[in-house]
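Below, each chain spelled out in residue letters.
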Amino acid sequence: MTGLPEVFLRRVGGYGIFFAACVRSTFQHGVRWDRVLEESQKLGVRAFPVLATMAVFVGTNLAIQGHAAFSALGAESLVGMFVALGGVREVCPLLAATMVAAKAGTEMTAQLAVMRTKEQIDALEVMAVDPRAELVTPSLLAIMLVLPALTIISIALALVAATGVAVFQLGLQRGDFVDYMMSNITVFDLAAATLKSVFFGAIIATVSGYFGFYSERGPRGVGQATNQAVVVMCIVCISVNFALTSILYG
Amino acid sequence: MAEPIVRFTGVRKAFGDKVVLEGLDIELPRGQTSVILGPSGTGKSVFLKLLVGLLEPDEGQIEVDGVRVDGATERELFALRKKIGMLFQDGALFDSMSVGDNIAFPLRRHSDLDDDAIDAAVALRLEQVGLPGIEDQMPASLSGGMRKRVSLARAIVMEPDIVLFDEPNSGLDPVTSDEIDALIGRMKEELGISFIVISHDIVGAFAVADRIAMLYNGALVAYGTSDEVLRSQHPFVRRFLARNMDLPDLESP
Amino acid sequence: MAQALIQPIITLGQLGGFGGRVLRSFVAGRWSGQEFMAQAATVASRCFLPVVLTIGPFGAVIGVQGMVILDLFSAHRLLSSLLSIFMIRELGPVLAAVLVAAQAGSSFAAELGAMRIKEEIDATAVMAVDPIGWHVVPRVLAMALVVPLLTTVANAFGVLGGYAVAVGLYGQSHGVFVAHLAENIGVYDLVASAFKGLVYGLLVGLIATWKGYNASGGAEGVGRAVNDTVVASVMFILVFNYLLSSLLFGSSS
């Protein structure tokens, strides 16, 4: 375990430099909006079915847990509020981020690592094309654009699924439940969820870009880079979520 | 000799404790084919990466076509690299693009040519490397030799002043390997520009080279025309050549 | 869209078939206990920090939101009892499993995928060693052992994260927090929580080794295996969490 802090610091420094280089190359070489659009479409289409499934199950779990917790306290009516606040403020932004990290993020890491292995990133450099502007920036912007939209969609699906479980499985009054739920969602909450997901998007794209860009060559290198990227994304997103929640609601 | 195309002065490069190049001085002539020859692990790939600025030397100076590469800004490097084409070991073609799009890629990014002109340029280069009409194929469907040819077509499409070859013979069967050597020779005559080849393949090296530089343990052990290198008395050169060319091994009694 | 509906069923069938092979090798005793212990130690040591680093902030978030909301009802004292319910019944097992999937699951997929690509798995079979028994069974068992343990760790650190916010940040008294902590949960919940972890551990272990074992197509294939592992694991965990929560806690009220 010796040298772990050193490796950690070197990684953080390397990431910082990479992030700065991405931003700089975006301004220097301009944004390729056609690529951003293409990436956004791919991301949206591919992420949607998985995210929709997950959002539904998150909604059902929220209802069940809310019910279990609050009926023990004799406050069944609070289940709707719990679903609304938990789902909109915390769980759905994180869920959408996790999903995009797991699917689009790791895919980006793997793809960049493969390109590194096959010297395609070197080839771009030798052809005088900035590989960050070419490969990372379009995905970065695409994820930052699409993730908020996915978050809002997953919120809607989770709320519907939670209502379904509350009414049909748990036998709550539909009118009461929906009233309690909807009256606890404010524009501020939705804006905050959107803001969170923009942050998560930036983290996911740059972290997965960083690990892919500087991966070791070969199959083992590709696997390792992808593996490390997922874990780091999870940890950073959840920590940033805590920071944002404290600032926005604390 | 005219102003050299590449000049390394006292170049040192190490990765951690492993010294790859130590005090390397070499000048490669303009308009000729120079081969950097040596067994694997002697810093040949590092030599190429230093040359195009993908790596920075620890010490020493590197000049390419009169431009200082070490310490250059990204803008300077990109300007220089537009005059350089490179054939990568396994082609380094972009998997997501067709052969035609791969070759057109530098033109689309760096020139104002319209689509027709680009298509014509791509067709011409494919014909030059002996693979006419394969624009629509994907890189994954090509054999190793074909990938190298397409990569060469991409390397010359910008009409560079220098073309770099990273192990053009590696991973090929002897027949394909000879074909690539013949292609390099022919391209040299047609284009009349500077070629720099790194290789561990002696047969290929002597087939294409105007000049041969032999690297061993990070240092230059022989440098000159093919004949001069063949006459070198350096023990390592004798051993390396003897193993591969059935020359009398002067070291053994 | 039809494919999106059929695909999960096919996937489930294939995963079941793979699980059957793993079970057969397990029952036949073609696996090494030493390898199992080594894998378990690796998983535990590599996942401990990620789990703690994510569950802590999660507990803290519940602390922040809970304090703000309960403030509306002047019911601060309920925070710790709500926190312990959500943490132990729900978040602890799910987060521990997701993190283990991201860290150890994806690394299993990467290892086995690389072994598959480099023909090491074939080599194992050629040497008349059961590759499933040797490479897969110990990893799946390691997950089944470690995830319940990490779930318990996660439960503790999650509550600790909430404690830090409630007591440290919002000035709730230590006594109130502790007094209400175990109000609505008992030994049953702790056991059920660990049981959830066991199920998720088995799931993640099977998915990861299945994806890695069947990787194909070079370095890309390894990347794809890792990617698929994380996505499929998260998906399965959420679905099973709904089923298990309904089963274990649904009728407790």
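Residues numbered from 1 in each chain as written. Chains lettered and ligands numbered in written order. Predicted model: local features only at pLDDT ≥ 70, side-chain atom pairs only at ≥ 80, totals over all residues. Heavy atoms only, no water.

Looking at the packing of aromatic side chains
- Considering all chains together, one arrives at 24 aromatic pairs over all chains under this definition.
- Grouped by ring-pair contacts, the aromatic residues Y15(A), F18(A), F19(A), Y210(A), F211(A), F213(A) and Y214(A) constitute a single cluster.
- When the ring centre of F94(B) is taken as origin, the NZ or CZ atom of R154(B), which lies over that ring, is 5.0 Å away.
- Directly above the aromatic system of Y213(C) lies the positively charged group of R116(C), at a separation of 4.9 Å from the ring centroid. (Phe/Tyr/Trp six-rings, centres within 6.5 Å; stacked < 30°, edge-to-face > 60°. Lys NZ or Arg CZ within 6 Å of the ring centre and 35° of its normal.)

Remarks on the environment of A110(C)
- Counting through the fold element by element, A110(C) comes out in helix α3 (residues 79–117).
- For A110(C), a relative accessible area of 9% corresponds to the buried category.
- The residues contacting A110(C), other than those within four sequence positions of it, are G223(A), Q224(A), V222(C) and V226(C). (Helix = DSSP H or I, 4+ residues; strand = E, 2+ residues; numbered from the N terminus. Buried < 20%, exposed > 50% of the residue type's maximum accessible area, 1.4 Å probe, protein only. Contact = heavy atoms within 4.5 Å.)

Structural notes on the sheet that holds strand β4 (residues 59–64) of chain B
Residues and elements named next belong to chain B.
- Strand order in this open sheet of 4 strands is β2-β1-β4-β5, and the pairing throughout is antiparallel. Both edges of this open sheet fall to β2 (18–28) and β5 (67–68), since each of them pairs with a single strand only.
- Strand direction decides the pairing type here: β4 and β5, joined by 2 bridges, are antiparallel. Its bridge partner lying in β5, E63 is registered against R68. (Pairing = 2+ DSSP bridges.)

Remarks on the confidence of the model for chain C
- On average, residues of chain C carry a pLDDT of 90, and 97% of them reach 70 or more.
- In the predicted assembly, ipTM is 0.83 and pTM is 0.85. (pLDDT = per-residue confidence, 0-100.)

Details of the pairing of strand β1 (residues 6–15) of chain B
Residue and element names in this part refer to chain B.
- Pairing geometry for β1 and β2, over 7 bridges, is antiparallel. By the bridge assignment for β2, F8 is matched with I26.
- Between β1 and β2, which pair antiparallel one after the other, the connecting turn spans 2 residues, and G16 there sits at a positive phi close to 65°.
- When β1 meets β4, the two strands line up antiparallel, connected through 5 bridges.

A word on the interface of chain C and chain A
- Taken together, the contacts link 52 residues of chain C with 53 residues of chain A.
- Of the roughly 4,400 Å² buried where chain C meets chain A, counting both sides, 75% is carbon and sulfur surface.
- The largest contributions to the chain C side of the interface with chain A come from Q65(C), L238(C) and Y242(C), which together make up 13% of the buried area.
- A salt bridge links E220(C) to K118(A); the shortest N-O distance between them is 3.4 Å.
- Among the elements of the structure, α2 (33–72), α3 and α8 (218–249) of chain C are those that each provide at least two residues to the side of chain C that touches chain A.
- When residues in the side of chain C that touches chain A are grouped by element, the largest group, 17 residues, is from α8(C). (Buried area = accessible area lost by both parts, 1.4 Å probe. Salt bridge = Lys/Arg side-chain N within 4 Å of Asp/Glu carboxyl O.)

Considerations on the pattern of salt bridges
- A complete count under the given rule lists 40 salt bridges over all chains for this structure.
- Of the charged contacts, one joins D210(B) and K188(B) as a salt bridge, the two residues approaching to 3.9 Å between their closest N and O atoms. In this pair, D210(B) sits in the loop between α7 (202–208) and β9 (211–216) while K188(B) sits in helix α6 (residues 174–191), placing the two residues 22 residues apart along the sequence.
- Exposure remark for K188(B): the relative accessible area of 17% places this residue in the buried category.
- Two residues, D228(C) and K211(C), come together in a salt bridge whose shortest N-O distance is 3.8 Å. With a gap of 17 residues between them, D228(C) in helix α8 and K211(C) in helix α7 (residues 187–213) connect regions that are remote in the sequence.

Looking at the packing of α3(C) against α7(C)
All names here are of chain C.
- Across the interface, α3 lies against α7 with an axial gap of 8 Å and an inter-helix angle of 20°. Classed by the angle they form, the pair α3 and α7 counts as roughly parallel. As for the relative orientation of α3 and α7, their crossing is right-handed in sense.
- For the contact of α3 with α7, the residue count by class is 13 nonpolar, 6 polar and 5 charged. (Axes fitted to C-alpha atoms, helices over the stretch in contact; angles between N-to-C directions. Parallel < 35°, antiparallel > 145°, perpendicular 65-115°, else oblique. Left-handed = near helix turned anticlockwise from the far one by under 90°. Nonpolar A, V, L, I, M, F, W, Y, C, P; charged D, E, K, R; others polar.)

Structural notes on the nonpolar core
Residue and element names in this part refer to chain B.
- Judged by nonpolar contacts, the single largest core of 187 residues is most densely connected at F8, F47 and I196.
- When near neighbours in sequence (up to four residues on either side) are disregarded, I196 contacts V6, L28, S34, I36, F47, L48, L51, I162, V163, L164 and F165.
- Counting 46 residues, the second largest nonpolar core, distinct from the first, contains I134, L152, V157 and V221. (Core = buried A, V, L, I, M, F, W, Y, C linked by side-chain atoms within 4.5 Å.)

A word on the confidence of the model for chain B
- Model confidence for chain B is summarised by a mean pLDDT of 88, while 95% of its residues fall at 70 or above.
- Segment residues 247–253 of chain B: pLDDT under 50, and 11 contacts once partners within four positions in sequence are set aside and those in other chains are kept.

Describing α3(C)
Residues and elements named next belong to chain C.
- At M87, α3 shows its maximal kink, close to 50°.
- Most of α3 sits out of view: 37 of its 39 residues are buried.
- Where α3 ends, the next residue or the one after it, E119, has phi of about 65°, a positive value. (Bend = angle between axes of the 7 residues up to and from the residue.)

Description of the side chain of S25(A)
All names here are of chain A.
- Counting through the fold element by element, S25 comes out in helix α1 (residues 4–29).
- Note on S25: relative accessible area 0%, which makes it buried.
- When sequence neighbours within four positions are dropped, the list of residues in contact with S25 reads G30, D130, R132, A133 and T137.

Structural notes on the sheet that holds strand β6 (residues 84–87) of chain B
Residues and elements named next belong to chain B.
- Taken in spatial order, the 6 strands line up as β6-β7-β8-β3-β9-β10 in an open sheet, and their pairing is mixed. A strand with exactly one partner marks an edge of an open sheet, and here the two such strands are β6 and β10 (219–224). For this sheet, the mean inter-axis angle between neighbouring strands, taken without regard to orientation, is 15°.
- Taken together, the 5 bridges between β9 and β10 define a ladder with antiparallel strand orientation. Its bridge partner being in β10, L215 is matched across the sheet by L220.

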